[in-house]
Amino acid sequence: MNKIIYLDAAASYQKDETVIEAEVDFLRNHYANSGRGICSRAAWVDDMLNFMRRRVASFMNTNAENIIFTHGTTDSINQIVRMLNLTDESVVAVSDLDHHSTRLPFVMSGAGIVVCPLDNNYDIDFNKIPYADVVVITAMSNVLGAVQNVAEIIRCAREKNPNVIAVVDAAQFVVHEKIDVAEWGADFVCWSAHKIGADTGLGIMYMKNPSRFAPVQFGGGMVNKIVADEIIFNNVPDVFEAGTLPLTQIAGLGAAIDKLEENRPNLDLLKYMYDELKEMSRVRILTARDAALLSFVIDGMHVLDFGAMVGVRGVCVRVGNMCASWIHKLMGIDASIRISVGSYNTKEQVQQVIKYIKDIVK
Ligand code: PLP
């Protein structure tokens, strides 16, 4: 990865060679469309797609029929909002941990929004979950990196309304923890492939009861046949996957999951940085020592200035509002600096970055 020190896995994870090789192999040796042919290449692609769907299903402890390929978490959430047919009488419970992608589609639907309170540690306070028709749960904030008790939040939401639809954003959670949809009992769980080291443009949407919902996107691949005025749709999950799928990205997905399961990011690197930064009087750390991310602000220094100063030294970190305005507002700040690691980062790299930060911040 040349001289760059990349500490921004939470925005998008660097790709392992096995992922790149799987994609190149597909492009070079097997490329064809899926579900549309009977030639050997088309059959290879269909087998690959079925294999990857089963691989994702076992990764999340569910069945292949419950896995829908989308274009990312943002796309999944937008589709879910349309599937739910919300009205201005619907009540959607969100939390200030939400990413813009997770809350805005619900806000724009015109449904009523209620905010689940956070406790003193900025975790969702499951004892105070309000009544709602839909509860939206960010399983791990992309600013604070703390695991939320999704199963308990859903249990409490169902105590208030047994029919509540639980939608989980697992875009950050999936990187660090095993997703067990059976244990959570969620109706929908979404994550993006690029966050775990697969490619951009591919999302995974788990649906507990796909047959309860109608598709919101129409086109090729989701229709079995059209006879006169009658449209016969395909079965689940194909009916939710209109148009050509991001097949190259799907071809790399299995390798990314294998790599992640074998080697999750080493969070001791963040603890090490935490201990060093804690000693610096101008640094205010926003995350817990054992969090999956390290976010902070620096007194008297704009986050963009910090980003530019480490940037010229070849260090990539994320600065800004992280598409998570609500948690920043709650903490009384506009923006922050975020450091995140992948399994490819080393102790030497974080030591080097600490030296740079000490040099810049003084
Ligand atoms: N939710 C969370 C918690 C995220 O961190 C992100 C990406 O930053 C998203 C949703 C949106 O993911 P994507 O841009 O891949 O759709």
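For the structure, check the block above.
Chemist: Explain the side chain of T287 here, please?
Modeler: Its place among the elements puts T287 in the loop between strand 11 (283-285) and strand 12 (294-298). Of the residues examined, T287 reaches a relative accessible area of 5% and is grouped as buried. Here L293 takes part through its backbone oxygen, which lies 3.5 Å from a polar atom of the side chain of T287. Apart from residues lying up to four places away in sequence, T287 is in contact with V143, L144, Y274, L293, L294 and S295.

Chemist: Is there a simple way to think about the site of the ligand in this case?
Modeler: Surveying the vicinity of the ligand reveals 13 residues, the closest of which are T74, D169, Q172, S192 and K195. A distance of 3.3 Å is found between an oxygen atom of the ligand and a backbone nitrogen or oxygen belonging to T73. In this structure, H99 approaches the ligand through a side-chain N or O atom, which is 3.2 Å from an oxygen atom. The protein chains hide 85% of the 390 Å² of surface that the ligand would expose on its own. Put simply, the parts of the chain that give the shell around the ligand at least two residues each are helix 3 (73-83) and helix 4 (100-108).

Chemist: How do you make sense of the sheet that holds strand 5 (residues 134-138) when you look at a structure like this?
Modeler: Whether parallel or antiparallel, the strands of a sheet pair through hydrogen bonds between backbone atoms. Ordered by their spatial adjacency, seven strands build an open sheet running 2-8-7-6-5-3-4, and the pairing between neighbours is mixed. Two strands close off the open sheet at either side, each with one partner strand: strand 2 (67-70) and strand 4 (112-116). Ignoring which end each strand starts from, the neighbouring axes of this sheet average 20 degrees apart. Pairing of strand 5 with strand 6 (residues 165-169) involves five bridges; the strand directions are parallel. Bridge assignment links T138 to a residue of strand 6, and that residue is D169. Taken strand by strand, helix 2 (residues 40-59) contacts strand 2, strand 7 (188-192) and strand 8 (203-207), and its axis lies near 115 degrees from that of strand 2. Against the sheet, helix 3 engages strand 2, strand 6, strand 7 and strand 8, with an angle of about 155 degrees to strand 7.

Chemist: What's the story with the nonpolar core in this structure? I'm lost.
Modeler: If you look at soluble globular proteins, the nonpolar side chains tend to sit buried side by side. Of all hydrophobic cores here, the largest spans 69 residues; its most connected members are M60, W184 and L253. With eight residues, helix 8 (residues 247-262) is the largest single contributor of residues to this core. In this structure, W184 is in contact with A139, V150, A151, I154, V168, A170, F173, I179 and V189, ignoring residues within four places of it in sequence.

Chemist: Help me understand the sheet that holds strand 14 (residues 318-320), please; the structure alone is not making it clear to me.
Modeler: Spatially, 11-12-15-14 is the arrangement adopted by the four strands of the open sheet, whose pairing is antiparallel. Strands at the two margins of the open sheet, each flanked by one partner only, are strand 11 and strand 14. Sheet twist, expressed as the average angle between the axes of neighbouring strands with direction ignored, equals 30 degrees. In the packing of helix 9 (residues 268-278) onto the sheet, the strands contacted are strand 11, strand 12 and strand 15 (336-339), and the crossing angle to strand 12 comes to about 20 degrees.

Chemist: Can you help me understand the pattern of salt bridges in this one?
Modeler: Any two side chains of opposite charge can pair, so long as their charged atoms come close to each other. Taken as a whole and assessed by the stated rule, the structure comprises 17 salt bridges. Two residues, D359 and R313, come together in a salt bridge whose shortest N-O distance is 3.3 Å. Of this pair, D359 sits in helix 12 (residues 347-361) while R313 sits in the loop between helix 10 (303-311) and strand 13 (315-316); the two residues are 46 residues apart in sequence, bridging distant segments of the chain. Owing to a relative accessible area of 38%, D359 belongs among the partly exposed residues under this scheme. Overlapping salt bridges bring together D16, K259 and E262 as one network.

Chemist: I would appreciate a short explanation of the packing of aromatic side chains in the present structure.
Modeler: Each aromatic ring pair is characterised by the separation of its centres together with the angle its planes make. Scanning the model with the defined rule gives nine aromatic pairs in all. Between F26 and W44, the ring centres sit 6.1 Å apart and the planes meet at 20 degrees, which makes this aromatic pair stacked. One end of the pair, F26, is in helix 1 (residues 17-30); the other, W44, is in helix 2, with 18 residues separating them in the sequence. Over the ring of Y272 we find K347; its NZ or CZ atom is 4.6 Å from the centre of that ring.

Chemist: Looking at this structure, how should I read the packing of helix 1 against helix 2?
Modeler: How two helices sit against one another is set out by the angle between their axes and by the gap between those axes. For the pair helix 1 and helix 2, the least separation of the axes is 11 Å and the interaxial angle reads 160 degrees. Our classification of the angle between helix 1 and helix 2 gives roughly antiparallel. In this structure, helix 1 uses F26, R28, N29 and H30 to contact helix 2, whose residues at the interface are R41, W44, V45 and M48. The residue makeup of the contact of helix 1 with helix 2, split by class, is four nonpolar, two polar and two charged.

Chemist: Honestly, the environment of K160 in this entry has me stumped. Any pointers?
Modeler: Position of K160 relative to the elements: it lies in helix 5 (residues 150-160). Judged by relative accessible area, which is 43%, K160 ranks as partly exposed. Each C-alpha atom of the pair K160 and D133 lies 9.7 Å from the other, and the pair is 27 residues apart in sequence.

Chemist: Help me understand the pairing of strand 8, please; the structure alone is not making it clear to me.
Modeler: Regular strands place side chains that alternate from one sheet face to the opposite one. By the criterion of burial, strand 8 is predominantly enclosed, with five of the five residues buried. Strand direction decides the pairing type here: strand 2 and strand 8, joined by four bridges, are antiparallel. The residue of strand 8 that forms the bridge with I67 is Y206. Sheet analysis places strand 7 next to strand 8, joined by five bridges and oriented antiparallel. Within strand 8, the position partnered with F188 by the bridge is M207.

Parameters and conventions
- Residues numbered from 1 in each chain as written.
- Predicted model: local features only at pLDDT ≥ 70, side-chain atom pairs only at ≥ 80, totals over all residues.
- Heavy atoms only, no water.
- Helix = DSSP H or I, 4+ residues; strand = E, 2+ residues; numbered from the N terminus.
- Buried < 20%, exposed > 50% of the residue type's maximum accessible area, 1.4 Å probe, protein only.
- Polar contact = N/O pair within 3.5 Å; in protein donor to acceptor, adjacent residues only side chain to side chain.
- Contact = heavy atoms within 4.5 Å.
- Near = heavy atom within 4 Å.
- Areas by Shrake-Rupley, 256 points an atom, 1.4 Å probe, with all protein chains shown as cover.
- Pairing = 2+ DSSP bridges.
- Axes fitted to C-alpha atoms, helices over the stretch in contact; angles between N-to-C directions.
- Core = buried A, V, L, I, M, F, W, Y, C linked by side-chain atoms within 4.5 Å.
- Salt bridge = Lys/Arg side-chain N within 4 Å of Asp/Glu carboxyl O.
- Phe/Tyr/Trp six-rings, centres within 6.5 Å; stacked < 30°, edge-to-face > 60°.
- Lys NZ or Arg CZ within 6 Å of the ring centre and 35° of its normal.
- Parallel < 35°, antiparallel > 145°, perpendicular 65-115°, else oblique.
- Nonpolar A, V, L, I, M, F, W, Y, C, P; charged D, E, K, R; others polar.

Nothing here speaks to function; it is geometry throughout.
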